[in-house]
Amino acid sequence: MLKKFVRAVDAVNQAVGRFTAYLLVPLVAIVCYEVFMRKLFNLPTTWAFEMTVYIYGFHYMMAMGVTMLYDKHIRIDIITLQLPQKIQLVLRLITFWLVFVPFVGAMLWAGTEYAAKSWMQWEHSWSAWKPPLYPFKTVIPVSLFLLFIQGLANFIKEWYELKGEKI
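Read on for a plain summary of the structure. (Residues numbered from 1 in each chain as written. Predicted model: local features only at pLDDT ≥ 70, side-chain atom pairs only at ≥ 80, totals over all residues. Heavy atoms only, no water.)

## A few points about the overall build of the chain
Point 1. In terms of regular secondary structure, the chain is built from six helices and zero strands.
Point 2. Shown N-terminal to C-terminal, the secondary structure of the chain runs as helices and strands in the order α-α-α-α-α-α.
Point 3. Along the longest, intermediate and shortest principal axes, the C-alpha atoms of the chain span 65 × 35 × 30 Å.
Point 4. Counting over 167 residues, the chain shows a buried share of 36%.
Point 5. Element-wise, carbon and sulfur atoms account for 73% of the exposed surface of the chain, whose accessible area totals about 11200 Å².
Point 6. Between the averaged position of the 16 positive side-chain charges in the chain and that of its 10 negative side-chain charges there is a distance of 4 Å. (Helix = DSSP H or I, 4+ residues; strand = E, 2+ residues; numbered from the N terminus. Buried < 20%, exposed > 50% of the residue type's maximum accessible area, 1.4 Å probe, protein only. Areas by Shrake-Rupley, 256 points an atom, 1.4 Å probe, with all protein chains shown as cover. Lys, Arg positive; Asp, Glu negative; His and termini not counted. Charge placed at Lys NZ, Arg CZ, Asp CG, Glu CD.)

## Looking at the environment of Arg75
Point 1. By the element assignment, Arg75 lies in the loop between helix 4 (64–69) and helix 5 (85–121).
Point 2. As a C-alpha pair, Arg75 and Gly105 span 30 residues in sequence and 19 Å in three-dimensional space.
Point 3. At 3.0 Å, the side chain of Arg75 forms a polar contact with the side chain of Asp71.
Point 4. A polar contact of 3.0 Å, which involves the side chain of Arg75, links it to the side chain of Asp77. (Polar contact = N/O pair within 3.5 Å; in protein donor to acceptor, adjacent residues only side chain to side chain.)

## A word on the nonpolar core
Nonpolar side chains in soluble globular proteins tend to be buried together.
Point 1. By size, the foremost hydrophobic cluster in this structure holds 22 residues, and its most contacted members are Phe100, Leu144 and Leu147.
Point 2. Among the secondary structure elements, those contributing two or more residues to this core are helix 1 (2–22), helix 3 (48–62), helix 4, helix 5 and helix 6 (134–162).
Point 3. Top contributing element to this core by residue count: helix 6, with nine residues.
Point 4. Not counting chain neighbours up to four residues away, the residues in contact with Leu144 comprise Met64, Val104, Met107 and Leu108.
Point 5. With five residues, the next largest nonpolar core counts Leu23, Ile30, Ala48 and Ile55 among its residues. (Core = buried A, V, L, I, M, F, W, Y, C linked by side-chain atoms within 4.5 Å. Contact = heavy atoms within 4.5 Å.)

## A word on the environment of Phe155
Point 1. Within the fold, Phe155 resides in helix 6.
Point 2. The sequence separation of Phe155 and Ile94 amounts to 61 residues, and the corresponding C-alpha distance is 9.6 Å.
Point 3. Excluding residues within four positions of it along the chain, Phe155 makes contact with Leu93, Phe96 and Trp97.

## Considering the pattern of salt bridges
Point 1. Overall, the coordinates contain six salt bridges when judged by the stated rule.
Point 2. Glu34 is the partner of Arg38 in a salt bridge, and the nearest nitrogen-oxygen pair spans 2.6 Å. Of the two residues, Arg38 and Glu34 both sit in helix 2 (residues 24–41), four residues apart, roughly one turn of that helix.
Point 3. According to the relative accessible area criterion, Arg38 is partly exposed, its value standing at 40%.
Point 4. Here Arg92 makes a salt bridge to Glu158, at a shortest N to O gap of 2.8 Å. Residue Arg92 is located in helix 5, and its partner Glu158 is located in helix 6; the two are separated by 66 residues in the primary sequence.
Point 5. Salt bridges sharing common partners tie together Asp71, Arg75 and Asp77. (Salt bridge = Lys/Arg side-chain N within 4 Å of Asp/Glu carboxyl O.)

Shown next as structure tokens:
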């Protein structure tokens with residue numbers, strides 16, 4: 001059952017990561033369109049800058065889970081890399097509970113409240129374009145949830161690895 005959970009979480013984060021990577025195409029297109037309109041026709045848009053911020057924000061946030069899946073988050077592990085593999089695993093298992101769960105859990109809680117408040121107010125941007133903000137703020141708890149379950153899946157993988165098994 002745990003192995004199925006791990007495989008499912010890995011597959012979900014892989015799919016989200018793939019979709020998120022493809023968002024770079026419209027991001028670049030919007031930036032090029034804005035530069036083209038502004039520089040050649042002197043007709044800047046009211047929406048392009050804000051839209052690029054939202055797309056990049058979505059890209060940045062939703063990539064957290066897949067980044068954890070492939071162990072690509074930045075960390076400073078100069079000392080721990082000198083330790084035996086088994087001790088490194090034990091330290092990762094301990095820090096999961098002491099650092100990861102409280103931090104990501106608190107951020108998930110706060111992000112959910114933040115998004116819920118935005119939905120309750122039907123919050124819109126202050127700009128001239130005035131897009132709704134609540135869908136974009138919903139990305140915060142969704143991405144943190146994906147990060148949290150990927151962290152849990154990684155914890156399970158490392159637990160099995162410590163016992164000498166592979167998932």
